[in-house]
Amino acid sequence: QVQLVESGGGLVQAGGSLRLSCAASGRTFSSYARGWFRQAPGKEREFVAAIIWSDGSTWYADSVQGRFGISRDNAHDTMYLQMNRLKPEDTAVYYCAAKTNAVAQYDYWGQGTQVTVSS
C-alpha cells in the first residue's frame, strides 16, 4: 500500500509564506510525476503544480506561477511546495498526488492539508 502524507499547512497572513511537504511511505513504487492540487470550499479541485520525478521538470498553474515553487528530495522520497506571497484566494485544502506513467491519471492521493490565508 502506498501512502502520501502531507504536512505543513496552517494559518498565515496575506503576503506570508508556507512550505508544504508530501512524504511517500509504504511499498516502493515508481513515480513518473507528482503534483499538488487544491480545493477551496464550494469549488472544484484544481491543479497547482507538478514535477517529473526523474529529471525535476516542473510546471505550474498560471495563478501560482512566480509565487510557488515545487521541488523534490529523491533520497527521502518527499516532495515540497514552497508558497510565497500568499493571497486569501490561495485558501484551500492542498493535496499531493502521484502517477506512475505519463498517460495515467494521478492514482495515489494524500489526505490533504488545510492552508488558510487571512487578509
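The following paragraphs examine the structure supplied in this document.

Cut-off values and rules
- Residues numbered from 1 in each chain as written.
- Predicted model: local features only at pLDDT ≥ 70, side-chain atom pairs only at ≥ 80, totals over all residues.
- Heavy atoms only, no water.
- Helix = DSSP H or I, 4+ residues; strand = E, 2+ residues; numbered from the N terminus.
- Rg over C-alpha atoms; globule rule 2.2 N^0.38 Å.
- Buried < 20%, exposed > 50% of the residue type's maximum accessible area, 1.4 Å probe, protein only.
- Salt bridge = Lys/Arg side-chain N within 4 Å of Asp/Glu carboxyl O.
- Contact = heavy atoms within 4.5 Å.
- Disulfide = S-S within 2.5 Å.
- Polar contact = N/O pair within 3.5 Å; in protein donor to acceptor, adjacent residues only side chain to side chain.

**So, the overall build of the protein chain**
Moving on, step 1. Looking only at helices and strands, the protein chain features zero helices and eleven strands.
Moving on, step 2. When the helices and strands of the protein chain are listed from N to C terminus, the series reads β-β-β-β-β-β-β-β-β-β-β.
Moving on, step 3. Relative to its length of 119 residues, the protein chain is compact, with a C-alpha radius of gyration of 14 Å against a globular reference of 14 Å.
Moving on, step 4. Considered along the principal axes of its C-alpha atoms, the protein chain spans approximately 40 × 25 × 25 Å.
Moving on, step 5. Here the protein chain holds 119 residues, and the buried ones make up 44% of them.

**With respect to the pattern of salt bridges**
Moving on, step 1. Evaluation of the coordinates by the stated rule reveals four salt bridges.
Moving on, step 2. With its nearest N and O atoms 2.9 Å apart, the salt bridge here joins arginine 38 to aspartate 90. One end of the pair, arginine 38, is in strand S4 (residues 33–39); the other, aspartate 90, is in the loop between strand S8 (78–83) and strand S9 (92–99), with 52 residues separating them in the sequence. Exposure class is identical for arginine 38 and aspartate 90. Each is buried.
Moving on, step 3. Exposure remark for aspartate 90: the relative accessible area of 0% places this residue in the buried category.
Moving on, step 4. Residues participating in the shared-partner salt-bridge network are Arg38, Glu46, Arg67 and Asp90.

**Some thoughts on the environment of leucine 11**
Moving on, step 1. Of note, leucine 11 is situated in strand S2 (residues 10–13).
Moving on, step 2. Sequence separation of leucine 11 and cysteine 22 is eleven residues, and the distance between their C-alpha atoms is 18 Å.
Moving on, step 3. Discounting chain neighbours no more than four positions away, the residues touching leucine 11 are Thr116 and Ser118.

**A word on unusual backbone geometry**
Glycine aside, the phi torsion of most residues is negative, and most peptide linkages are trans.
Moving on, step 1. Phi at aspartate 77 takes a positive value of approximately 50°, unusual for a residue other than glycine.
Moving on, step 2. One non-glycine residue, arginine 85, lies in the positive phi region at around 50°.
Moving on, step 3. Its place among the elements puts arginine 85 in the loop between S8 and S9.
Moving on, step 4. The class of arginine 85 is partly exposed, set by a relative accessible area of 48%.

**Brief notes about the state of the cysteines**
Moving on, step 1. One pass over the full model with this rule turns up one disulfide.
Moving on, step 2. Disulfide pairing places cysteine 22 opposite cysteine 96 at an S-S distance of 2.1 Å. Between cysteine 22 and cysteine 96, the disulfide has an S-S torsion of 60° and is therefore right-handed. Of this pair, cysteine 22 sits in strand S3 (residues 18–26) while cysteine 96 is found in strand S9, placing the two residues 74 residues apart along the sequence.
Moving on, step 3. Cysteine 22 gets classed as buried once you look at its relative accessible area, which sits at 0%.

**Thoughts on the side chain of lysine 99**
Moving on, step 1. Relative to the assigned elements, lysine 99 resides in strand S9.
Moving on, step 2. Of note is the side chain of lysine 99, whose polar atom sits 3.4 Å from the backbone oxygen of alanine 102.
Moving on, step 3. In this view, lysine 99 contacts Ser30, Ser31, Tyr32, Ala33, Ala104, Gln105, Tyr106 and Asp107; residues no more than four positions away in its chain are not counted.

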